[in-house]
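Residues per chain are reported as follows:
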Amino acid sequence: MKLKLGQIVNASQPLNGLLSEKLPISAAFKLSSIAKKVEEVLKSFDEIRNKLVEKYGEDKQISPESENWEDFVKEMNELLATDQTLTVDKVKKSDLNGCKISASDLMALEFMIKK
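Every value quoted in this text rests on a predicted model; they were computed, and no experiment measured them. (Residues numbered from 1 in each chain as written. Predicted model: local features only at pLDDT ≥ 70, side-chain atom pairs only at ≥ 80, totals over all residues. Heavy atoms only, no water.)

Counting secondary structure elements, the chain contains 4 helices and 4 strands. Across its three principal directions, the C-alpha atoms of the chain cover 50 × 25 × 20 Å. Going through the 115 residues of the chain one by one, you find that 34% of them count as buried. Within the chain, counting contacts between residues at least 6 apart in sequence, those at least 24 apart form 67% of the total. For the chain, the accessible surface area stands at approximately 7900 Å², while carbon and sulfur atoms represent 50% of it. Positive and negative charge centroids in the chain, built from 18 and 19 side chains respectively, lie 12 Å apart. (Helix = DSSP H or I, 4+ residues; strand = E, 2+ residues; numbered from the N terminus. Buried < 20%, exposed > 50% of the residue type's maximum accessible area, 1.4 Å probe, protein only. Contact = heavy atoms within 4.5 Å. Areas by Shrake-Rupley, 256 points an atom, 1.4 Å probe, with all protein chains shown as cover. Lys, Arg positive; Asp, Glu negative; His and termini not counted. Charge placed at Lys NZ, Arg CZ, Asp CG, Glu CD.)

Shown next as structure tokens:
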């Protein structure tokens, strides 16, 4: 499935939260497989983000006060908008019954949940 890199980045933390929940074995397996794929994408993302920080920042740091902040944000937004293909075996919504999850986390994980 095609997703924006930003969607994958935003799903990382909520996904890690779900991994600590007690779930049916099939759901746990699917989620761990998805997490491994997401981690691969995040590793590449982090490498490119770090290069952008080096390019636009000072002393390997960048902040809104930095001279090149706007250029950094522009390239980061372009990066986060790139299409990524992620093949996932979706988890059934019913397998997540009993899990405590916020509405915003649920929205971030929507691409990996069957209704």
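Attention now goes to the nonpolar core. Residues L15, L31, L86, L96 and M112 are the most contacted members of the largest nonpolar core, which totals 31 residues. Of all the elements in the fold, those that place two or more residues in this core are α1 (5–19), α2 (25–56) and α3 (69–80). No other element matches α2, which puts 11 residues into this core. When near neighbours in sequence (up to four residues on either side) are disregarded, L15 contacts L31, I34, A35, V38, L109 and M112. (Core = buried A, V, L, I, M, F, W, Y, C linked by side-chain atoms within 4.5 Å.)

Moving on: the pattern of salt bridges. Per the stated rule, a full pass over the model turns up 3 salt bridges. Between R49 and D46 there is a salt bridge, and its shortest N-O distance comes to 2.8 Å. Linking R49 with D46, this pair stays in helix α2, spanning 3 residues, or about one helical turn. Here D46 falls in the partly exposed class, since its relative accessible area comes to 30%. (Salt bridge = Lys/Arg side-chain N within 4 Å of Asp/Glu carboxyl O.)

Moving on to the confidence of the model for the chain. Taken over all residues, the pLDDT of the chain has a mean of 94, while the share at 70 or more is 100%. Per-element mean pLDDT across the chain ranges from 93 in strand β4 (residues 113–114) up to 97 in α3. (pLDDT = per-residue confidence, 0-100.)

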